[in-house]
2 protein chains.
Amino acid sequence: MNEYLTTFDDHLDGRYGQIGTAERANFEIKAKAFAIGEIIRDARKEARMTQEQLAERTGTKKSFISRIENGRSDIQLSTLYKLLEIGLGKRVNLTIG
Amino acid sequence: MNEYLTTFDDHLDGRYGQIGTAERANFEIKAKAFAIGEIIRDARKEARMTQEQLAERTGTKKSFISRIENGRSDIQLSTLYKLLEIGLGKRVNLTIG
DNA sequence: TTTTTTGTTCCATTATTAGTTAACTTTGAG
DNA sequence: CTCAAAGTTAACTAATAATGGAACAAAAAA
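What you see is a predicted model; the values in this text were computed from it and never measured.

Peer 1: Just checking my understanding: could you explain the overall build of chain A for this structure?
Peer 2: Scanning chain A from terminus to terminus reveals five helices and two strands. Secondary structure of chain A in N-to-C order comes out as β-α-α-α-α-α-β. For chain A, with 97 residues in total, the buried portion stands at 43%. Considering only intrachain contacts with a sequence separation of at least 6, the fraction spanning at least 24 residues in chain A is 51%. For chain A, the exposed surface amounts to about 5400 Å²; the carbon and sulfur share of it is 44%.

Quick look at the structure:
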């Protein structure tokens, strides 16, 4: 079971200028959300599946999978569940600490 | 720490007619995604915060919080992080089993 | 009960994801 | 190298989340 405990800074490169804390927080939140792609790709590789196979199992296209895996989409919760649970047979466990 | 391990059926009422398995799976995924509202409301109550306070801390409006808590929105991942981590100071822990 | 606070719902607008196709690039086998 | 499989990207439409405001309802306080 892979664990993905992340801090905001995991997904930043430290190169922003003079922005407010609210704006920075928003940027960091987006970066964290986009990082889900890496997790999905890892899970797909682990399942030894191609993007096309995952797409077919979830009723979508490989281009859509690629976009997500490359961190270009802030996906909806239903998409997260669909890809990981239906597509890859994983169990998504969400805990609030 | 509250744990929200859910099965699809937790969020269904069992009253659907003759629909295919793909359609049913899709419906269940949606239901599961919508169920995040309950989790957010629990966390907010635990933090003794009003919807308006949570809205203010996350740069949004109480009407938006209400809609989510009542399971009327399939929110994006960034919204999940924004409300729980920035708004409520919780830690969202996502594990893939 | 009256007033205030908190929460819900509706409407309209904007922004972005979901979904798709096609062309292109990269990778891996043979 | 050549070919095929796998992955990436751009462009586009449709669906829907995000947002804001206002009116209303419910709950809590005075």
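Peer 1: Explain the protein's contact with DNA strand D to me, please; I cannot follow it from the model alone.
Peer 2: Within the structure, DNA strand D sits among 24 residues, and Arg41(A), Gln51(A), Arg72(A), Arg67(B) and Thr79(B) are positioned closest to it. Taking the atoms of DNA strand D that fall within 4 Å of the protein, sugar and phosphate contribute 62% of them. With respect to DNA strand D, the side chain of Arg44(A) contributes an N or O atom lying 3.1 Å from a phosphate oxygen. Among the elements of the structure, helix H2 (36-46) and helix H4 (62-69) of chain A together with helix H4 (62-69) and helix H5 (77-87) of chain B are those that each provide at least two residues to the surface near DNA strand D. In terms of residue count, the dominant contributor to the surface near DNA strand D is H4(A) (four residues). For the surface near DNA strand D, the residue count by class is two nonpolar, 12 polar and 10 charged.

Reading guide: rules and limits
- Residue indices follow the written sequence of each chain, beginning from 1 at its first position.
- Lettering of chains starts at A and numbering of ligands starts at 1, both following the order in which they are written.
- In keeping with the model being predicted, local features are shown solely for residues with a pLDDT of at least 70 and side-chain atom pairs are shown and tallied solely at 80 or more, while totals for entire chains, interfaces and linings include all residues.
- In computing side-chain properties, one takes all heavy atoms of the structure into account and sets aside hydrogens as well as water.
- In DSSP terms, a helix is any run of H or I states spanning at least four residues, a strand is any run of E spanning at least two, and both are numbered starting from the N terminus.
- For every residue, the accessible area obtained with a 1.4 Å probe (protein chains only) is divided by the maximum for its type, and the residue is called buried under 20%, exposed over 50%, and partly exposed between those limits.
- Contacts were defined at the residue level, with two residues in contact if any of their heavy atoms lie within 4.5 Å.
- Per-residue and other accessible areas were derived by the Shrake-Rupley procedure at a 1.4 Å probe size, with only the shown protein chains allowed to occlude residues.
- What makes a residue near a molecule or strand is one non-hydrogen atom of that residue sitting within 4 Å of it.
- Nitrogen and oxygen atoms within 3.5 Å of one another constitute a polar contact, given that in protein one can donate a hydrogen and the other can accept it, and given that sequence-neighbouring residues count only through two side-chain atoms.
- Gly is placed with the polar residues, together with every amino acid not listed as nonpolar (Ala, Val, Leu, Ile, Met, Phe, Trp, Tyr, Cys and Pro) or charged (Asp, Glu, Lys and Arg).

Purely spatial values, then, with no claim about function.
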